[in-house]
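Close look at the chain arrangement
Here is how the chains run, residue by residue.
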Amino acid sequence: MKKLLLFICIFSVLSTFAAKPKNQYIRIKTEFGECIVKLYNETPLHRDNFLKLTKEGYYNGTLFHRVIKDFMIQGGDPDSKTAKPDSLLGEGGPKYTIPAEFRDSLFHKKGVLAAARDNNPEKASSGSQFYLVQGKVFTEEQLNSLEEKRLKFKIPEWQRQVYKTIGGTPHLDRNYTVYGEIISGLDMVDKIAVLTTDKNNRPKSDVKMDITILKRREAKKLEKQLLNASLKDKIIMKS
């Protein structure tokens with residue numbers, strides 16, 4: 001009986017380490033801290049492209065070249081690695097685009113990762129450029145006005161609650177593909193978003209980044225922590 005229990009315990013431990021994480025995670029490091037981003041499985045084209053570029057070291061040494069307070073911070077332009085001060089950035093990237101992957105459940109709440117793009121009818125995404133949303137908190141009246149004057153759809157009630165509490169940039173929904181979200185280190189975005197910028201919204205002091213993929217063991221540990229935190233919140237809500 002003891003041998004059987006020992007075997008079950010060993011098998012359980014090995015299974016835990018062998019299992020793949022449910023999601024892929026990346027780490028973005030800057031001099032203003034770092035954040036961990038979960039890539040959505042619901043947007044596989046964007047997820048896989050971001051992972052491919054990250055593995056190649058494509059983003060390392062690039063800048064957050066466009067920063068607007070209460071809106072977002074944008075990066076991923078390879079030309080920014082060697083850019084001279086005050087030069088306009090935002091045109092660089094691979095010679096391909098990624099088809100839009102709009103999902104009603106994925107929206108521009110504060111902290112999401114989304115794809116930048118030029119003005120094209122298909123709303124196809126840039127091959128490398130992305131932004132992290134800072135956004136702002138909206139009132140009920142502001143959301144109503146936004147629906148009436150700018151959007152061509154009603155914002156779901158549960159999303160309205162997020163925009164009224166956490167904040168975001170709702171006018172970008174269904175126009176730019178959201179494909180991930182920050183799960184830790186959101187303060188990095190807030191610190192970069194308030195930096196002094198030039199006429200092109202580029203920080204006057206360069207903000208370089210390095211991006212890496214979390215290894216399987218680290219990702220599994222992270223998911224376990226997130227699960228425990230979620231269960232704890234549910235227990236508190238019920239008590």
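Residues numbered from 1 in each chain as written. Predicted model: local features only at pLDDT ≥ 70, side-chain atom pairs only at ≥ 80, totals over all residues. Heavy atoms only, no water.

- Named according to an unreviewed UniProt entry, the chain is peptidylprolyl isomerase originating from Pedobacter agri.
- Recorded in UniProt for the chain, the comment headed Sequence similarities (unreviewed entry) runs: "Belongs to the cyclophilin-type PPIase family." (UniProt positions renumbered as here; feature names shortened; annotations may be inferred.)

1. Regarding the overall build of the chain
- Scanning the chain from N- to C-terminus turns up six helices and 10 strands.
- Counting the 239 residues in the chain, one finds 42% classified as buried.
- For the chain, contacts bridging at least 24 residues in sequence account for 72% of all contacts bridging at least 6.
- Accessible surface, the chain as shown: approximately 14000 Å² in total, 55% of it carbon and sulfur. (Helix = DSSP H or I, 4+ residues; strand = E, 2+ residues; numbered from the N terminus. Buried < 20%, exposed > 50% of the residue type's maximum accessible area, 1.4 Å probe, protein only. Contact = heavy atoms within 4.5 Å. Areas by Shrake-Rupley, 256 points an atom, 1.4 Å probe, with all protein chains shown as cover.)

2. Let's talk about the environment of Asn144
- Its location among the elements puts Asn144 in helix H3 (residues 140–149).
- Spatially, the C-alpha atoms of Asn144 and Arg160 are 9.8 Å apart, while their sequence positions differ by 16 residues.

3. What to know about the environment of His65
- Tracing the chain through its elements places His65 in strand S3 (residues 64–68).
- Judged by relative accessible area, His65 falls into the buried class, the value being 3%.
- Sequence separation of His65 and Ser80 is 15 residues, and the distance between their C-alpha atoms is 7.2 Å.
- With residues up to four places along the chain from it excluded, the contact list for His65 reads Gln74, Gly75, Asp77, Leu89, Gly90, Gln129, Asn201, Arg202 and Pro203.
- Looking at His65, its side chain comes within polar contact range of the side chain of Gln129, at 3.5 Å. (Polar contact = N/O pair within 3.5 Å; in protein donor to acceptor, adjacent residues only side chain to side chain.)

4. What to know about the pattern of salt bridges
- If you walk through the whole model with that rule in mind, you get 14 salt bridges.
- Arg160 is paired through a salt bridge with Glu147; the nearest N and O atoms lie 3.0 Å apart. With Arg160 in helix H4 (residues 157–165) and Glu147 in helix H3, this pair connects stretches of sequence that are 13 residues apart. In this structure, Arg160 and Glu147 share a single accessibility class: buried.
- Residues participating in the shared-partner salt-bridge network are Glu140, Glu147, Lys154, Arg160 and Lys164. (Salt bridge = Lys/Arg side-chain N within 4 Å of Asp/Glu carboxyl O.)

5. Remarks on the sheet that holds strand S10 (residues 210–213)
- Reading across from one edge, S3-S4-S8-S6-S9-S2-S1-S10 is the order of the eight strands in this open sheet, with antiparallel pairing throughout. On the outer flanks of this sheet lie S3 and S10, each paired with one strand and no other. Geometrically, the sheet is characterised by an average inter-axis angle of 25° between neighbouring strands, direction not taken into account.
- Of the pairings in the sheet, the one linking strand S4 (residues 72–75) to strand S8 (residues 130–133) comprises four bridges and is antiparallel in character. Bridging across to S8, Ile73 finds its partner in Leu132.
- The strands touched by helix H2 (residues 44–55) are strand S1 (24–30), strand S2 (33–39), strand S6 (112–115), S8, strand S9 (178–184) and S10; relative to S10, the strand with the most contacts, the crossing angle is about 110°. (Pairing = 2+ DSSP bridges. Axes fitted to C-alpha atoms, helices over the stretch in contact; angles between N-to-C directions.)

6. Some words on the nonpolar core
- Ile28, Phe64, Phe130 and Leu132 are the most contacted members of the largest nonpolar core, which has 26 residues in total.
- Listing elements by their share of this core, those giving two or more residues are S1, S2, H2, S3, S6, S8, S9 and helix H5 (187–193).
- Looking at this core, the element that brings in the most residues is H5, giving four residues.
- Counting residues in hydrophobic clusters, the runner-up holds 11 residues, among them Met72, Val112, Ala114 and Val178. (Core = buried A, V, L, I, M, F, W, Y, C linked by side-chain atoms within 4.5 Å.)

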